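Here are the chains, one letter per residue:
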Amino acid sequence: MPGLFLLPVTLSLEVSVGKATDIYAVNGTEILLPCTFSSCFGFEDLHFRWTYNSSDAFRVLIEGTVKNEKSDPKVTLKDDDRITLVGSTKEKMNNISIVLRDLEFSDTGKYTCHVKNPKENNLQHHATIFLQVVDRLEEVDNTVTLIILAVVGGVIGLLILILLIKKLIIFILKKTREKKKECLVSSSGNDNTENGLPGSKAEEKPPSKV
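Predicted, not measured: the structure shown is a model, and the values here were computed from it. (Residues numbered from 1 in each chain as written. Predicted model: local features only at pLDDT ≥ 70, side-chain atom pairs only at ≥ 80, totals over all residues. Heavy atoms only, no water.)

Re the pattern of salt bridges
By the definition in use, this model includes three salt bridges. Aspartate 79 is the partner of arginine 59 in a salt bridge, and the nearest nitrogen-oxygen pair spans 2.9 Å. With arginine 59 in strand β6 (residues 58–66) and aspartate 79 in the loop between β7 (74–78) and β8 (83–85), this residue pair connects regions lying 20 residues apart in the sequence. Under the relative-accessibility criterion, arginine 59 is labelled partly exposed at 28%. Under the relative-accessibility criterion, aspartate 79 is labelled partly exposed at 44%. (Salt bridge = Lys/Arg side-chain N within 4 Å of Asp/Glu carboxyl O. Helix = DSSP H or I, 4+ residues; strand = E, 2+ residues; numbered from the N terminus. Buried < 20%, exposed > 50% of the residue type's maximum accessible area, 1.4 Å probe, protein only.)

Set out below in structure tokens:
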């Protein structure tokens, strides 16, 4: 069946650089470029590399291998001394992240994490991060957000107050109606025998003798 041939591809080698694929860093600082991999078939002598790509340059920054699940990644080639591999396979993290120190504006560009797994017939996968080196990070103005949250919170609070008042009014009206009903029942059931009122037993005359 065709679906059986697609299954290994769907569940095989995967590479991830996290949710944030566009990151910013200040000139002169350092930045962590994350990368992890996974494979439901396991791996042996897995090969990885990081590449840098910009409008006018392409470089292989670092290369290495991971022998198996019990071995930490080993670097076989490094193009820049500012780069440090911080990867580990402990606790099945399969981490091959790198740290880039002493950032320069020229470091702006695409950083791609490539992985090749010989155990899966040299299947390859990759993921890319775009790094923008800036003079300073812009502060996000949350004033508008706070105003919106305050307005929304006020509206919700007002709605809750209205609902509570409505329930209170309904409760009071219900109790008032019940009280009126009790009064009506009580007044209609009074015994007028001793009051001598019209229609009472006190006015009933004994039948005349013939």
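Having seen the model, we can carry on.
Describing the side chain of asparagine 94
Position of asparagine 94 relative to the elements: it lies in the loop between β8 and β9 (98–100). You can call asparagine 94 buried: its relative accessible area is 11%. In this structure, asparagine 94 is in contact with Cys35, Thr36, Phe37, Ser38, Phe43, Ser88 and Thr89, ignoring residues within four places of it in sequence. (Contact = heavy atoms within 4.5 Å.)

Quick look at unusual backbone geometry
Phi at aspartate 45 takes a positive value of approximately 50°, unusual for a residue other than glycine. For aspartate 45, a relative accessible area of 49% translates into the label partly exposed. The phi dihedral of asparagine 121 falls on the positive side, at around 55°, and the residue is not glycine. As for its placement among the helices and strands, asparagine 121 is situated in the loop between β10 (109–117) and β11 (123–134).

No statement about biological role is implied by the geometric values presented.
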